[in-house]
Amino acid sequence: MTIIHKTLMAVLTLGIALVILLTPEAQLTYAANGTNETTIMEWQMMWEEPGLERGIEDMMELGDQGDWFQVSASGDYPVLPPNITSAWIRFKLPEMSQMRPAMELKNMLAQDVVIYIESAKVYEVHRNYVYDRNIIMVPLSSIEAGQSVYMHLKSQTMRIGLQSPIIIDNHDNMIKEGMRSDITDVVIGSSLVIISSFMLLSVIFLNRTFLPGWVSLFLVMLSIGIMILSYSTFFDKYYPELGNFMYYAFDVASAILIPTLLIFFEKIFGKGPYSLLSRFNRYLLMMMFISLFLMLVSIAWEPFRDIYTLMSMIFLGFEVVVGNIILIGSLIYYCKKKYKEAYIMAIGLGSFTLITLVEMLWYFISDELYAMMFWKYGIIFFLASLIIMLVRRIMRNYETALEYSKQLEVFNNELQRSEKIEMISHLAASIAHEVRNPLQVTRGFLQILRDKSADEKSKNYTKLAIDELDRAAEIITDFLTFAKPDLGEVTRLNLAQELQQIEAILMPFATMQGGVIQLSVEEDLFVKGNTSKFKQALINIIKNSIEALKEDGYVLIQASRTEVPDYLMITIKDNGEGIEEQDIKRLGEPYYSKKSKGTGLGLMVTYRIIEAMQGDIVINSKKGIGTEVCLRLPISN
C-alpha cells in the first residue's frame, strides 16, 4: 500500500501544478503601475567578411564609413549572405526616465554575443554547441542615454541577427515579467524532476514485480522534466553560464525518453503484436548508449562535436518517427482488444498530440513571432495517463497477490487436512482390527451376564456397558472407513429412491426433535456409488441438521441438475442454530466437534465417501439462521 500511496501523491502533486498553471493570467501578472517602457524598432547592421573581423575600437573608429544598413523590427529580416558567420549591430540608447533602467533583447540569434556600450563591455556569452537563441537582459544607467550600443554576433548555424524590438524598461518590471512568462516551464519542469526524484527514492520499498515499470516511468518523467527546464528561457536569461550544461542535459533527456517510454509501454501491455515492441526496444537501447557515448567523446574532443551533432539528430529523428509509429500502432492494436489501459493512454497521448498540433498550426499561421507553450499542458495529461495506468497495474497485481494468498491458505488447509486424514488412516489400519475382536468377545460375555443376572440393577449396568461397546464399535467402523475409503461394490444408484429411503429412516428422528423433512428430487437422476456408503454419508449430514433444529424446524433436501453438464447437486438446508464462520473452516477435521459426545469422525467419513464418488462438498452457514450443505456429484448416464 506504500507504493500506491506514493503514486497517488505524485498524481496529486501533478494536479496541483496543473491548477497553478491554469490559473488565470491576471492572478500571476505583476501590476506594473507607472511603467514607462521604451521600444526601439530600428537599428543598423553590418555583415562581417570572413577573415576581416574587427574589434570594438575598430568599429568606433569606423563610424558611419562602413557598410551599415538599416533593419526594422516590423520589416523583413535581411537575408544572410553566403559564407557570412558574424555581424555587428549598432543603435543609440534613448533618454531613460526609469529609476533602474534595463535593456531586453528577446530573440537574439547567435552562438557568441558580445555587447558594448561605447567601448565598455557589458555582456558576453560564448557557446560551443549549436543552440543559438538568446534572451538577454542588460542593466543600464540613465547617464548612458544617447550612447551607442555595439553588439558583435557570431554563429555557425546560418542564423544571425535580432528578430524582435529592443525594449527598455524598469529593471524590476523586467525581472517580474520575465518570471511570470517563465513560471510555466519552471513549475512543470521542476515538479516533474522532484516527483521523479521521490519515485527513485521509493524504489527501495518496491517489490521486484513492480520495479521495471516504476523505473521506466521514473525515467520518462525525469527526462521530460529536464527537457522542459533545459528548453526554458529561464536559465538562458538568468544563468547563461549554465548554457553548456543545459544543452547536454537536453540531449541526454531526449536520448532516453523514447526508449524508456516504449519500455514502460511493454511492461504494461507486453511485447506487442509480433513482439515488435520488444525487438525495437533492443535497437533503441543500443542507439541510446551509442548516442551517450558520442556525446562524451564530443565533450572531451571538440573536433568531434560536429559529428556528434549530426549523429544525434539522425538517431533522435529515427527514434521519434519509428518509435511513434510502433507506439501508435501497438496502441491501436490493444484498443481493439479492449484493454482499458490502452484507452487511458490513448486519451493522454491524444490530448498531447491535439494540443501540440493546434499550437503548431497557430505558430505557422501567426504573423507574429509566436512562442509555443501550451504543449506543456498536453505533457501533463500524457504523464497523468501513464501514472493512472501504472496505478491500475499495481492495484491489479495487488488483488492478484491477495487472491493467490487466499488460494495458498486454502491449499495449506487442504494439505493439513490430508496429513491428518493420512495419520488417522494409518492409525485406524493398525489398531481397528486388533480392537474390534476383543470388543466383540467382551460384548458377548456381557450379554451372557445380563441374561443370567437376576438383579435388575446389575442388568441396567450391563446394558449401559453393552451400549458403550456398541458406540465404540461404530467409531471403529468409521476408522475402518477412513483407512479403506474404497466404496466396495459400485452400482448405478437411483437418487430419488435412495433419498426416499433415507427420508423414511430419519423421519422418526426428525419428529422427535420437533422438525420435519421435506424432499424434492428431479426424476431420472443417477449416480455411481455404493448404496450403504452413500446412505451413510447422507445420513451423517442430515442427522447433524436435525440435531441443530429448534422449534418448528425443517430440513429441506433437494436434488437437481446443475448448469455444469454431467453434474447434479444435492442440497441439504435447515433453519437450525447455524455454525460460526471460524467453525465452518474446521468441519471435517479429526476430533473436531461441537457436540458433547461427538468425535468429528462422522463428517470426516462423509468427506471421504463423497471424494471417493468424485464429488465435493460446500458448506454455508450463518449463526442463528441455518446451514446449507451442497454436494456436487457426477451423473451416471
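Here the structure is shown first, and the text comes after it.
A brief structural summary. Remember, it's a predicted structure, so these values are computed and weren't measured experimentally.

Once that is clear, we can look at the environment of Val618. Assignment of secondary structure puts Val618 in strand S17 (residues 616-622). Classification of Val618 as partly exposed rests on a relative accessible area of 42%. Between the alpha carbons of Val618 and Glu628 there is a distance of 8.3 Å; along the sequence they are 10 residues apart.

Glancing now at the pairing of strand S16 (residues 567-574). Sheet topology places strand S15 (residues 553-561) next to S16; 7 bridges connect them, and they run antiparallel. Across the sheet, the residue bridging to Ser560 is Met569, located in S16. Where S15 folds back on S16, the antiparallel hairpin that results is connected by 5 residues, among which Asp566 adopts a positive phi of roughly 70°. As paired strands, S16 and strand S18 (residues 626-634) are joined by 8 bridges and run antiparallel to one another. Paired with Tyr567 across the two strands is Pro634, which belongs to S18.

The next point concerns the sheet that holds strand S13 (residues 515-521). One open sheet accounts for 5 strands, arranged S13-S15-S16-S18-S17; its pairing is mixed. Edge positions in the sheet fall to S13 and S17, since each of these pairs with one other strand and no more. Across this sheet, the average inter-strand angle for adjacent strands is 10°, counted without regard to direction. In the packing of helix H13 (residues 495-512) onto the sheet, the strands contacted are S13, S15 and S16, and the crossing angle to S13 comes to about 175°. Against the sheet, helix H14 (residues 531-547) engages S13, S15, S16 and S18, with an angle of about 30° to S16.

Before going further, it helps to examine the nonpolar core. The biggest cluster of nonpolar side chains holds 46 residues, and the ones touching the most others in it are Met345 and Leu386. When contributions to this core are tallied by element, the ones reaching two or more residues are helix H4 (171-201), helix H5 (211-231), helix H7 (243-269), helix H8 (276-300), helix H9 (305-336), helix H10 (340-365) and helix H11 (375-452). Apart from residues no more than four positions distant in its own chain, Leu386 is found in contact with Leu217, Val220, Leu261, Phe264 and Met345. With 37 residues, the next largest nonpolar core counts Ile539, Tyr607, Ile610 and Ile617 among its residues.

For the rest of this paragraph, the subject is the pattern of salt bridges. In this structure the tally under the stated criterion is 9 salt bridges. Glu124 is the partner of Lys121 in a salt bridge, and the nearest nitrogen-oxygen pair spans 3.2 Å. Look at Lys121 and you get partly exposed, because its relative accessible area is 47%. Between Glu341 and Arg392 there is a salt bridge; the shortest N-O distance is 3.5 Å.

Let's shift gears to a nonpolar patch on the surface. On the surface, Leu316, Val320, Val321 and Ile325 cluster together to form a nonpolar patch covering roughly 320 Å² of accessible area. Mapping Val320 onto the fold places it in helix H9. On the basis of relative accessibility, which here comes to 35%, the residue Val320 falls in the partly exposed class.

Here Glu266 lies in helix H7. For the buried Glu266, which has no salt bridge, the nearest side chain bearing the opposite charge is Lys267, at an N-O separation of 5.0 Å. At 2.7 Å, the side chain of Glu266 forms a polar contact with the side chain of Asn281. The contact partners of Glu266, leaving out residues within four places of it in the chain, are Lys271, Leu277, Ser278 and Asn281.

Okay, unusual backbone geometry next. The phi dihedral of Met158 is positive, around 65°, even though this residue is not glycine. Structurally, the position occupied by Met158 is in the loop between strand S9 (148-154) and strand S10 (161-162). Even without glycine at this site, Asp524 takes up a positive phi of about 60°. Looking at the secondary structure, you find Asp524 in the loop between S13 and strand S14 (526-529).

What counts, and where the lines are drawn
- Each chain carries its own residue numbering, running from 1 in the written order of its sequence.
- Where totals are concerned, whole chains, interfaces and linings use all residues; where local detail is concerned, this predicted model gives features only for residues with pLDDT of at least 70, and gives and counts side-chain atom pairs only at 80 or more.
- Excluded from the side-chain calculation are hydrogens and water; included are all heavy atoms of the structure.
- Counting from the N terminus, the helices are DSSP H or I runs at least four residues long and the strands are E runs at least two residues long.
- Any residue under 20% of the maximum accessible area for its type is buried, any over 50% is exposed, and the rest in between are partly exposed; the area is computed with a 1.4 Å probe on protein chains only.
- A pair of strands is considered paired only if DSSP assigns at least 2 bridges between the two.
- In this analysis, axes come from line fits to C-alpha atoms, helices being fitted only over the stretch in contact, and the angle between any two N-to-C directions falls in the range 0 to 180 degrees.
- Contacts are assigned to residue pairs with any non-hydrogen atoms lying within 4.5 Å of each other.
- Working definition of a nonpolar core: buried Ala, Val, Leu, Ile, Met, Phe, Trp, Tyr and Cys residues. They are joined through side-chain atoms within 4.5 Å.
- We count a salt bridge whenever a side-chain nitrogen from Lys or Arg sits within 4 Å of a carboxyl oxygen from Asp or Glu.
- A patch consists of residues whose relative accessible area exceeds 30% and which take part in no salt bridge; residues with like charges are grouped when within 9 Å of each other, and nonpolar side chains (Val, Leu, Ile, Met, Phe, Trp, Tyr) when within 5 Å.
- For the accessible areas, the method is Shrake-Rupley and the probe is 1.4 Å, while residue cover comes only from the protein chains on display.
- The positive count covers Lys and Arg only, the negative count covers Asp and Glu only, and His and the chain ends enter neither.
- Two N or O atoms form a polar contact when they lie within 3.5 Å of each other; inside protein one atom must be a possible hydrogen donor and the other a possible acceptor, and for residues adjacent in sequence the pair counts only when both atoms belong to side chains.

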